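For reference, the chains in residue letters:
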Amino acid sequence: MIIERVMEMGSNYVKVPFYQATSQGMNEKPILSEYEYTLLENTEIPGIAKVSKNLEAGKENLLYSITSYISLEEKMQRCELNEDMFLDFFKQLTKVFENISSYLLDFEALNLNPRYIFFDEEKKSYIFLMGNVNECTIKENFEKLFTFFADICPIGQQELLEFIFE
């Protein structure tokens, strides 16, 4: 699965192939159901990036607009993780899960890779991408996310580090 950042007509996007190969064989499956795609394209869901499709060389791609955002990785390179930032992130993530539930979207489709979680500096909010781009369970994705936070947690934040490991 190739996820890439692209610039088109002066805007930045994350481009993801709409179909991905399955581990069972050569069949391809969409990363979003038609219901999920239509809902995400036509509805502004707080904390979830808007999506559109484009056709390139006969292949369908999803484009997520990220023009005014920085990735969680970039944000953590700019400022040191502290307890308030960590709690704010998970408070916003909890709200996103509530939104996912209220719109009947699939929890497993939430991308929890820090490279593809974005921060809107103007609104001070995190923006998540929907689209099941790997075959990991939500539990495995959360483990990777907590490992990311543990890896960037400053040594001086001992209580936060202990909390992350719990």
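Provided above is the structure to which this section pertains.
The structure reproduced in this document is the subject of the present report. (Residues numbered from 1 in each chain as written. Predicted model: local features only at pLDDT ≥ 70, side-chain atom pairs only at ≥ 80, totals over all residues. Heavy atoms only, no water.)

### Structural notes on the overall build of the chain
Note the threshold: Numbered from the N terminus, helices here are DSSP runs of H or I no shorter than four residues, and strands are runs of E no shorter than two. We compute the radius of gyration over the C-alpha atoms and compare it with the globule rule, which gives 2.2 Å times the number of residues raised to the power 0.38. Three labels apply to residues, based on accessible area from a 1.4 Å probe with only protein chains included: buried if under 20% of the type maximum, exposed if over 50%, partly exposed otherwise in between. Whether two residues touch is decided by their heavy atoms; if any such pair falls within 4.5 Å, the residues are in contact. Per-residue and other accessible areas were derived by the Shrake-Rupley procedure at a 1.4 Å probe size, with only the shown protein chains allowed to occlude residues. Note on charges: Lys and Arg go in the positive column, Asp and Glu in the negative column, and His and the chain ends are not counted at all. Note that the charge is assigned to NZ on lysines, CZ on arginines, CG on aspartates and CD on glutamates.
Broken down by element type, the chain carries 5 helices and 9 strands. Starting at the N terminus, the α and β elements of the chain follow one another as β-β-β-β-α-β-β-β-α-α-β-β-α-α. For 166 residues, the compact-globule formula gives about 15 Å, and the C-alpha radius of gyration of the chain, at 16 Å, lands near that figure. For the chain, the proportion of its 166 residues judged to be buried stands at 45%. Long-range pairs, those at least 24 residues apart, make up 61% of the contacts in the chain between residues at least 6 apart in sequence. Taken as a whole, the chain presents about 9600 Å² of accessible surface, with 52% of it coming from carbon and sulfur. The positive charge centre, built from 15 side chains, and the negative charge centre, built from 28, are 4 Å apart in the chain.

### A look at the side chain of Lys75
What counts here: Definition used for salt bridges: Asp or Glu carboxyl oxygen within 4 Å of a side-chain nitrogen of Lys or Arg.
The residue Lys75 is located in helix H2 (residues 72–78) in this model. Of the side chains with opposite charge, Glu121 comes closest to the buried, unpaired Lys75, at an N-O distance of 6.5 Å.

### Some details on the pairing of strand S1 (residues 4–8)
Stated precisely, the cut-off is as follows: The rule for pairing is simple: two strands pair if DSSP sees at least two bridges between them.
Both S1 and strand S2 (residues 11–17) contribute to a ladder of 5 bridges, which runs antiparallel. Within the sheet, the bridge partner assigned to Glu4 lies in S2 and is Lys15. Between S1 and the antiparallel strand that follows it, S2, lie 2 residues; Met9 among them carries a positive phi value of about 50°.

### A short note on the sheet that holds S1
Each strand in a sheet pairs with another by means of backbone hydrogen bonds, the pair being arranged parallel or else antiparallel. Rule in force here: Comment: axis = line fitted to C-alpha atoms, over the contacting stretch for helices; angle = value between 0 and 180 degrees taken between N-to-C directions.
Overall, antiparallel pairing links the 4 strands, which are arranged S1-S2-S6-S5 in an open sheet. Each end of this open sheet is capped by a strand with a single partner; those strands are S1 and strand S5 (51–56). Across the sheet, the axes of successive neighbouring strands diverge by a mean angle of 40°, strand direction being ignored. Strand direction decides the pairing type here: S5 and strand S6 (residues 59–65), joined by 6 bridges, are antiparallel. The partner of Asn54 across the bridge, within S6, is Asn61. Contacting S5 and S6, helix H1 (residues 34–42) crosses the sheet at an angle of about 110° to S5.

### Details of the packing of helix H4 (residues 138–152) against helix H5 (residues 158–165)
We count it as follows: The scheme is simple: roughly parallel for angles under 35 degrees, roughly antiparallel for over 145, roughly perpendicular for 65 to 115, oblique for anything else. The sense of a crossing depends on the near helix, which, turned anticlockwise from the far helix by less than a right angle, makes the crossing left-handed and, turned clockwise, makes it right-handed.
Viewed as axis vectors pointing N to C, H4 and H5 meet at an angle of 160°, and their least axial separation amounts to 10 Å. It follows that H4 is roughly antiparallel to H5 by the angle criterion. Classified by chirality, the crossing of H5 by H4 is left-handed. The residues of H5 that touch H4, namely those facing Phe146, Phe149 and Ala150, are Leu161, Ile164 and Phe165.

Spatial relationships are all this shows, so hold off on functional conclusions.
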